[in-house]
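Coordinates in review
Single-letter residue listing:
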Amino acid sequence: MKVESLSYRLLGGAISGFFLFTLHARNLAQLKEADVMIIDFTTVKKLRLVYRLSLAEMAALLGVSESHLWRVEKGERPINETMRQRCVEELKLSPPKLERLLDMYQDTLLPGK
């Protein structure tokens, strides 16, 4: 599938601060569920932990203050489009890579967590 661009679509309603990243192909009918990345506050924290980055390192990577990132990870502040875009760009995320990283996170949890 040839990818033309990366676009963002805000999901409305009760899910505030939630963006859906979709890769647009020449033929939109070719899009599959695997072509979608959801990056919310829990995903950002999981990525930080998988990459073994400190709060300060991840904040610098995303171009925000450490306290702002802490509030985002706690769900007290919404993650904005710029942070999502920087996360995708800096970590070179694709839908399959994000899925593998989140699987790695799940595999490292202690039983019962």
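Overview of the structure. Here the structure is a predicted model, which is why all the values come from computation and not from measurement.

Thresholds, definitions, all that
- Residues numbered from 1 in each chain as written.
- Predicted model: local features only at pLDDT ≥ 70, side-chain atom pairs only at ≥ 80, totals over all residues.
- Heavy atoms only, no water.
- Salt bridge = Lys/Arg side-chain N within 4 Å of Asp/Glu carboxyl O.
- Helix = DSSP H or I, 4+ residues; strand = E, 2+ residues; numbered from the N terminus.
- Buried < 20%, exposed > 50% of the residue type's maximum accessible area, 1.4 Å probe, protein only.

Tallied over the entire structure, the rule returns 2 salt bridges. Across the salt bridge formed by Arg-48 and Glu-73, the nearest N and O atoms sit 2.7 Å from each other. Taken together, the residues Arg-48 in helix H1 (residues 41-50) and Glu-73 in helix H3 (residues 66-73) connect sequence positions 25 residues apart. Overall, the relative accessible area of 11% leaves Arg-48 in the buried class. Among the ionic pairs, Glu-90 bridges to Arg-86, the shortest N-O distance being 3.9 Å. One end of the pair is Glu-90 and the other is Arg-86, both in helix H4 (residues 81-90) and 4 residues apart, which spans about a single turn.

A word on unusual backbone geometry. Positive phi is not limited to glycine here, since Arg-52 has a value of about 55 degrees. By secondary structure assignment, the location of Arg-52 is in the loop between H1 and helix H2 (55-62). Taking the relative accessible area as the measure of exposure, Arg-52 reaches 75% and is therefore exposed.

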